[in-house]
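Observations on chain architecture
One-letter residues, chain by chain:
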Amino acid sequence: MSASHATDTSPALPTAGSLLANARELNEQAEGLLGSDPALARQHVDRAEAIARELGANAILAVSLLLRARLHYAAAQFDDALRTCNEAAGIAARDGDISGHAKTRTGLGAIWA
């Protein structure tokens, strides 16, 4: 077989869409792990946040930050929880994400309560 007919067997690079879907799934898994395995939840949030920042996916980033705020809160890291929740709220507000902004404000309310 000539070189021009060789089959490329290198793995395909993930698409932005598949990375975004992965970040959403990581956030969903993290939310389910908040109470049972916060260390694993934090790993999922770290990865989802990194993907969201890399791709500029602010809606996913805001969810990741809100989950991180909940992890901080559960660990009695209240200043970090407030800072992170405020960052998420700012992102949602700047993007005009009314639902995301409401969720982050609800999160802030839970922290302050």
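Residues numbered from 1 in each chain as written. Predicted model: local features only at pLDDT ≥ 70, side-chain atom pairs only at ≥ 80, totals over all residues. Heavy atoms only, no water.

1. A few points about unusual backbone geometry
This is how the line gets drawn: Strands here mean DSSP runs of E at least two residues long; helices mean DSSP runs of H or I at least four residues long; both are numbered from the N terminus.
One non-glycine residue, Ala 76, lies in the positive phi region at around 60°. Residue placement: Ala 76 occurs in the loop between helix H3 (58–74) and helix H4 (78–94).

2. What to know about the pattern of salt bridges
To be explicit about the condition: Should a side-chain nitrogen of Lys or Arg be within 4 Å of a carboxyl oxygen of Asp or Glu, the pair is scored as a salt bridge. Remark: exposure states derive from per-residue accessible area (1.4 Å probe, protein chains only) relative to the maximum for the residue type, with buried under 20%, exposed over 50%, and partly exposed in between.
Following the criterion strictly, the structure yields six salt bridges and no others. In this structure, Glu 31 and Arg 70 form a salt bridge, with 3.3 Å as the shortest nitrogen-oxygen distance. Taken together, the positions of Glu 31 in helix H1 (residues 16–33) and Arg 70 in helix H3 put the pair 39 residues apart, joining distant regions of the chain. A residue is classified by how much of its surface remains accessible, and Glu 31, at 46% relative accessible area, is partly exposed. We classify Arg 70 as partly exposed; its relative accessible area is 40%. Across the pair Arg 53 and Glu 87 runs a salt bridge whose closest N-O atoms are separated by 2.9 Å. Here Arg 53, found in helix H2 (residues 38–55), pairs with Glu 87, found in helix H4; they are 34 residues apart in sequence, far enough to count as distant. Judged by its relative accessible area of 42%, Arg 53 is partly exposed. Note on Glu 87: relative accessible area 29%, which makes it partly exposed. One network of salt bridges, in which partners are shared, links Asp 46, Glu 49, Arg 53, Arg 68 and Glu 87.

3. With respect to the packing of H1 against H2
When two helices pack together, you describe them by how their axes are tilted relative to each other and by the distance separating the axes. Applicable threshold: Between N-to-C directions, angles cover 0 to 180 degrees, with each direction set by a line fitted to C-alpha atoms, over the stretch in contact for helices. By definition in this entry, angles of less than 35 degrees are roughly parallel, angles greater than 145 are roughly antiparallel, angles of 65 to 115 are roughly perpendicular, and the rest are oblique. What makes a crossing left-handed is the near helix being turned counterclockwise from the far one by less than a right angle; a clockwise turn instead makes it right-handed. Contacts are assigned to residue pairs with any non-hydrogen atoms lying within 4.5 Å of each other. Charged residues are taken to be Asp, Glu, Lys and Arg, nonpolar residues to be Ala, Val, Leu, Ile, Met, Phe, Trp, Tyr, Cys and Pro, and polar residues to be all remaining types, Gly included.
One way to put it is that H1 packs onto H2 with a least axis distance of 8 Å and a crossing angle of 155°. Put simply, H1 runs roughly antiparallel to H2. Relative to H2, H1 is oriented so that their crossing is left-handed. Packed against H1, whose contacting residues are Ala 16, Leu 19, Leu 20, Asn 22, Ala 23, Leu 26, Asn 27, Gln 29, Ala 30 and Leu 33, the element H2 presents Pro 38, Leu 40, Ala 41, His 44, Val 45, Arg 47, Ala 48, Ile 51 and Leu 55 at the interface. Its residues placed into classes, the contact of H1 with H2 shows 14 nonpolar, four polar and one charged.

4. What to know about the confidence of the model for the chain
Test applied: pLDDT: the predictor's confidence for each residue, scored from 0 to 100.
With 88% of its residues at a pLDDT of at least 70, the chain reaches an overall mean of 87. H2 holds the highest mean pLDDT among the elements of the chain, 97, whereas helix H5 (residues 98–112) holds the lowest, 77.

5. Description of the side chain of Glu 49
Operational definition: Polar contact is defined as a pair of N or O atoms within 3.5 Å, subject to the rule that within protein one atom must be able to donate a hydrogen and the other to accept it, and that residues adjacent in sequence are counted only when both atoms are side-chain atoms.
By the secondary structure assignment, Glu 49 is in helix H2. At a separation of 2.7 Å, a polar atom in the side chain of Glu 49 contacts the side chain of Arg 68. Non-local contacts of Glu 49, meaning those with residues more than four positions away in its chain, are made with Leu 61, Ser 64, Leu 65 and Arg 68.

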